[in-house]
Amino acid sequence: MVKNGLYAEIIVDLAVRKTDRVFHYAVPKKFENVLQIGARVLVPFRERCLTGYVVGFGAPESQVNIREIAGVLDEEPVFSPELLELARWMSESYLCSTAEALQRILSPRLQVKSGRGVRRIIPALDGEKLEQAAASLARAPRQAAVLRTAMASPGLTVKELAAAAETTGKTVELLVQKGYLTAVNNTSQAPPGYGGPQFTAGYGELRLNADQATALEQIEGALKAGRFSVFLLHGVTGSGKTEVYLRAIAAVLQEGRQAVALVPEIALTPQMIELFRARFGSLVAVLHSGLAGTARYQAWRRVKSGEAPVVLGTRSAVFAPAPRPGLFIIDEEHESSYKQDDHLRYHAREVALKRAQQSGSVVILGSATPSLESYLRAGPGGLYRLLKLPVRIDNHPLPPVQVVDMRDELKRGNRGIFSVPLVEAINRRLERHEQVILFLNRRGYANFVVCRQCGLVIKCPSCDISLTYHLDGTLRCHYCNYSTNRPVLCPRCGSDQIRHFGVGTQKVEEEARRLFPEARVLRMDSDTTSRRGAHERLISSFRDGHTDILIGTQMIAKGLDLPKVTLVGVINADTTLHMPDFRAAERTFQLLTQVAGRAGRGSLAGEVQIQTYTPDHYSIIAAAAHDYGSFYRSEAPVRRALDYPPFSHLARLLLTHTDEETLTKGALLAKEILEKIAAGVNVPIDVLGPAPAPMSRLKGQYRWQLVLKGPRRNTLKDVIKEALNILDKERPAFKPSVHVDINPQGMV
């Protein structure tokens, strides 16, 4: 026991809630002048040596045996007091341990060691000279790829840079010899002039229209005031939301603060990088999971040091260690990809709002199709302020939309994927040498059963959710576990045309090549974009006119600016409409509106065709009219009547085990405990299930779920926390693993 000396307060890296507290360790003399709050250390814990996070200094209240810190991993803090507060908030909000939250926040730092003495490559030029150098290498595509990769991810080793650019180390060394790149031995070093505080203040010929100017004026006023504010920027597709983002970033830089901008898909990152770098040059750091670990770490260091005050990335970039954040931008804020769907299930929008509250920052939530939650909060008396961009730039018209009733196609004997009107429209575009996008968003487990004669979709009688077809011939609701056998005849019209529906992008590609043999066809989905840089290559090929028809999933549905596209064809709008999800109508409207917005963005007029077996559904009618207000007025009463978000809150417990019988018993015990606790609170809470998860077996694990529904999020959390404590005491009798998801975006 150490009687005198320095004691550190440490959170030990254990992903266990019951040990989620501060432990005291003695600081050896050799570390007293080295150790700082925010650093990581090695500490003995029981029989192991684990990582710990230093959160303060102070002696323990009682005289206990204090063990000494075994080692110091960081010479400087890797998290700030603000990020520690964020981690504690995440622990409370998502029912995880503080250590788990810190792991998530620090993931780019944890992936890579400090790397002293390693030779790293960074650009030797800056600003326009760097862009001119890249342009001069047009006839040397491998060298150009290396230079652009180094611009996006400065600080890679020769081997890492070559791999990221898909070339060899010789190409990298050649650019070093030419003076375009330089090698340094210190990971934080940058050559003179690189990463300085310059950015383009002028905007050339770009002029804001009246709606953009009004929106920007309100945002700039909040930025200058330095207080927490949230704006919902509701603009139709092509209305210039990105330009408002860029001007707002310039304004926050003038205030000496930093900006973090998020996009929902890695596929959108290359286009946004191009726009951001054109405006802010080397001040931009890119953070997303598609980068190599070292590249993410280098970007993370540049942000932390203040060298890169503009952060662009996907969901995890919300944790960027900006020293003085002043602006958070969530582009396409409605997207479900902002919700982490495994392990620590956080929502980037919620995290951004919390960080903005902590730092007195401004949040811009941008979308042509806002989530119902955000739109409700932007209403009278809500937390958000609504800003509208109701027209496209230069008053370009929104494309007309034709809804094709596939039931009529079937009656005419057409059982194929493509309707006659869509085939004719594609042929017209190909004759004019214009480009076509064909969209189909199919997820493997999401088959539904539909009558091809009358359009009836078989739904759960209690939940108004489409039933999922299982291989054993049953239809099951994944909310309440109602099940029934698949009907032989349609309950409505008596037809025998009952089918479970499902066509994927590969089938569409095959059929497109058969129908349009002269067309150059490209497919963009998770199968074709698995290699690093594939997104950028496919989009560049299409944008440069090397492809006539682009077939893809939701990664091509939003954000992309492709001015040569004059026709968008939606192969089957029903794929998302009849998902076993209460948000199915909302997601259908959002996807259809977003993908329709890819047409007619340039000088040529656009057209959209939507194929469906349910042409009278309000989400499809509203999407065809580009009318968000109409959709909201139809959907909100349905949600309110069924007591679904945004008029309530949900929480999901996912239970997993290798033995299905053990899992079932555990799920029933969990339900019994939850219902008993819920009965003792002063607000009504429904406990739905247990039922098999939509993916009922994954990686050898059986999966069941329980869903809680109630009016208050905090009450749901309290009930679950108490239930988890009881279940912990039931072990080892209670064997399943339990994963908590507060306000889930889906039920995979």
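Because the structure is predicted, anything quoted here is derived from the model rather than measured.

Over its 16 residues, helix H8 (residues 210-225) extends 23 Å from the first C-alpha to the last, a length consistent with the 22 Å expected when each residue adds 1.5 Å. Contacts made by the buried residues of H8 are with strand E9 (229-235), helix H9 (241-254), strand E13 (325-331), strand E14 (362-367) and strand E15 (385-389). A distance of 3.2 Å separates the backbone nitrogen of Asp211 from a side-chain oxygen at the start of H8, and that oxygen is part of Asn209. Backbone geometry just after H8 places Gly226 at a positive phi near 65°.

Note that Thr98 resides in helix H2 (residues 98-105). Thr98 gets classed as buried once you look at its relative accessible area, which sits at 6%. In contact with Thr98, other than residues within four places in its own chain, are Ile11, Asp20, Ala87, Arg88 and Ser91.

With that out of the way, let us pick up the packing of aromatic side chains. In this structure the tally under the stated criterion is 14 aromatic pairs. With centroids separated by 6.2 Å and ring planes inclined at 25°, the aromatic side chains of Tyr297 and Trp300 adopt a geometry described as stacked. One end of the pair, Tyr297, and the other, Trp300, are both in helix H11 (residues 293-305), three residues apart, so they sit about a helical turn from each other. Across from the ring centre of Tyr644, 4.4 Å away, lies the NZ or CZ of Lys709, which sits over that ring.

As enumerated under the stated definition, the model contains 25 salt bridges in all. Residue Glu243 pairs with Arg247 through a salt bridge whose shortest N-O separation is 2.6 Å. Separated by four residues within a single helix, Glu243 and Arg247 lie in helix H9, roughly one turn from each other. Each member of the pair, Glu243 as well as Arg247, carries the same accessibility label: buried.

The end-to-end C-alpha separation of helix H23 (residues 713-730) is 26 Å, in line with the 26 Å expected for 18 residues at 1.5 Å each. Buried within H23 are the following residues: Arg713, Thr715, Leu716, Lys717, Val719, Ile720, Ala723, Leu724 and Leu727.

Now for the sheet that holds strand E28 (residues 686-698). By way of backbone hydrogen bonds, the strands of a sheet pair with one another, either parallel or antiparallel. Strand order in this open sheet of four strands is E28-E29-E27-E30, and the pairing throughout is antiparallel. Strands at the two margins of the open sheet, each flanked by one partner only, are E28 and strand E30 (737-742). Adjacent strand axes in the sheet meet at a mean angle of 20° when their direction is disregarded. The sheet contacts of helix H22 (residues 660-678) involve strand E27 (649-657), E28 and strand E29 (701-710), and relative to E29 the element is tilted by about 15°.

Moving on, we come to the pairing of E28. In the sheet, E28 pairs with E29 via seven bridges, with the strands oriented antiparallel. Pairing of Ala691 across the sheet is with Gln705, part of E29. Here E28 folds back onto E29 in antiparallel fashion, the turn holding two residues, of which Lys699 has a positive phi close to 50°.

Ordered by their spatial adjacency, six strands build an open sheet running E16-E26-E25-E17-E24-E23, and the pairing between neighbours is parallel. Each end of this open sheet is capped by a strand with a single partner; those strands are strand E16 (401-405) and strand E23 (521-524). Taking each pair of neighbouring strands and ignoring which way they run, the sheet shows an average axis angle of 20°. Strand direction decides the pairing type here: strand E25 (residues 565-570) and strand E26 (residues 607-612), joined by four bridges, are parallel. Within E26, the position partnered with Val570 by the bridge is Ile610. Taken strand by strand, helix H15 (residues 420-431) contacts E16, strand E17 (435-439), strand E24 (549-552), E25 and E26, and its axis lies near 155° from that of E26.

On to the nonpolar core. Ranked by internal contacts, the top residues of the largest apolar core, which has 83 residues, are Phe79, Met90 and Tyr346. Residue contacts for Tyr346: discarding those within four places in its chain leaves Met90, Tyr94, Arg104, Arg315, Ser316, Val318, Phe319, Tyr338, Lys339, Gln340 and Val351. If you look at the next biggest cluster of nonpolar residues, it comprises 53 residues, including Ile121, Leu147, Ala165 and Leu327.

Our focus in this paragraph is unusual backbone geometry. The amide bond that connects Pro645 to the next residue, Pro646, takes the cis arrangement and shows omega of 15°. Residue placement: Pro646 occurs in the loop between helix H21 (628-642) and E27. Note the cis peptide between Gly689 and Pro690, where omega equals 10°. Assignment of secondary structure puts Pro690 in strand E28. One non-glycine residue, Asp394, lies in the positive phi region at around 60°. Take Asp394: it is sitting in the loop between E15 and E16.

Rules used in this analysis
- Residues numbered from 1 in each chain as written.
- Predicted model: local features only at pLDDT ≥ 70, side-chain atom pairs only at ≥ 80, totals over all residues.
- Heavy atoms only, no water.
- Helix = DSSP H or I, 4+ residues; strand = E, 2+ residues; numbered from the N terminus.
- Expected span 1.5 Å × (residues − 1).
- Contact = heavy atoms within 4.5 Å.
- Polar contact = N/O pair within 3.5 Å; in protein donor to acceptor, adjacent residues only side chain to side chain.
- Buried < 20%, exposed > 50% of the residue type's maximum accessible area, 1.4 Å probe, protein only.
- Phe/Tyr/Trp six-rings, centres within 6.5 Å; stacked < 30°, edge-to-face > 60°.
- Lys NZ or Arg CZ within 6 Å of the ring centre and 35° of its normal.
- Salt bridge = Lys/Arg side-chain N within 4 Å of Asp/Glu carboxyl O.
- Pairing = 2+ DSSP bridges.
- Axes fitted to C-alpha atoms, helices over the stretch in contact; angles between N-to-C directions.
- Core = buried A, V, L, I, M, F, W, Y, C linked by side-chain atoms within 4.5 Å.

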